[in-house]
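# Observations on the three-dimensional arrangement
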Amino acid sequence: MISLLLAMDKNHVIGLKNGMPWHLPKDLRFFKEKTTGNTIIMGRKTYNSMGGALPNRKNVVLTRSKNDFPENVEVIENLQTITEWNENNPEEEYFIIGGGNIFKQVIDVADRMYITLIEESFEGDTYFPDFNEADWNLTSKVKGEKNETNPYDYYFLQYDRKQ
């Protein structure tokens, strides 16, 4: 299964200057719970913004750049590699974690989207692509806990592609 995993504001902002324009620890915990033990796939800029490979996951960077990456990072050059992995390993869940350009390339072949929707507007320079909600079933909507360290209203949404 190819899954997109992201947080965005109500205007589809997902990033600002190669980072996130908010701090939401509950969302970071959700990300860790979903991806630990699985494959995460990202673009080069997303990889660079994280400061290196994330532990306890297979880290894959989708890029045409010939940069040197550490031994624990697999580099692929095209989307076809992901779709082949998905076809050959249907029991696996592959998490696409950004950035905006990668999401645009992959959204049409994704099976699932995990979206943390933050009910605020933020300044941003990177956006999640528009998608036709008629193509998706909203299978889960859970309100996140708002508190001192998580100061926004937000929801954990799960969309599954209609068959």
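These figures come from a predicted structure and were not determined experimentally. (Residues numbered from 1 in each chain as written. Predicted model: local features only at pLDDT ≥ 70, side-chain atom pairs only at ≥ 80, totals over all residues. Heavy atoms only, no water.)

### A closer look at the sheet that holds strand β5 (residues 73-76)
Basically, it comes down to this: DSSP bridges decide pairing: two strands pair if at least two such bridges lie between them. A run of DSSP states H or I qualifies as a helix once it reaches four residues; a run of E qualifies as a strand once it reaches two. Both are numbered from the N-terminal end. In this analysis, axes come from line fits to C-alpha atoms, helices being fitted only over the stretch in contact, and the angle between any two N-to-C directions falls in the range 0 to 180 degrees. In this description, contact between two residues means that some pair of their heavy atoms is separated by no more than 4.5 Å.
Read across the sheet, eight strands follow the order β5-β4-β3-β6-β1-β7-β10-β9 without closing on themselves; strand pairing throughout is mixed. Since the sheet does not close on itself, it has two edges, and those belong to β5 and β9 (136-143), each with one partner. Neighbour-to-neighbour, the strand axes of this sheet turn through a mean angle of 25°, independent of strand direction. Docked against the sheet, helix α1 (residues 25-35) engages β1 (2-9), β3 (39-43), β6 (94-98), β7 (112-118) and β10 (154-161), running at close to 175° with respect to β1.

### Points about the side chain of T116
Within the secondary structure, T116 sits in strand β7. Leave out the neighbours within four places in its chain, and T116 touches L6, A7, M8, L24, D27, F30, Y154, Y155 and F156.

### Some words on the pattern of salt bridges
Put simply, the rule reads: When a carboxyl oxygen of Asp or Glu lies within 4 Å of a side-chain nitrogen of Lys or Arg, that pair is called a salt bridge. Any residue under 20% of the maximum accessible area for its type is buried, any over 50% is exposed, and the rest in between are partly exposed; the area is computed with a 1.4 Å probe on protein chains only.
Applying the stated criterion across every chain yields a total of five salt bridges. For D153, the salt bridge identified is with K143, shortest N-O distance 3.1 Å. Taken as a pair, D153 in the loop between β9 and β10 and K143 in strand β9 lie far apart in primary sequence, ten residues in all. Judged by its relative accessible area of 29%, D153 is partly exposed.

### Observations concerning the packing of aromatic side chains
We apply this condition: Between the rings of Phe, Tyr and Trp (Trp by its six-membered ring), a pair exists once the centres lie within 6.5 Å; its type follows the angle of the planes, with under 30 degrees stacked, over 60 edge-to-face, and the other angles tilted.
What the rule picks out here adds up to eleven aromatic pairs. Relative to F128, the ring of F103 lies with its centre 5.2 Å away and its plane at 70°, an arrangement referred to as edge-to-face. A residue pair is termed long-range when its members are at least 10 positions apart, and F103 in helix α4 (residues 100-106) and F128 in the loop between β8 (126-127) and β9 qualify at 25 residues. A ring pair is formed by Y154 and F156, whose centres lie 5.5 Å apart and whose planes are at 90°; its orientation type is edge-to-face. For Y154, a relative accessible area of 0% translates into the label buried.

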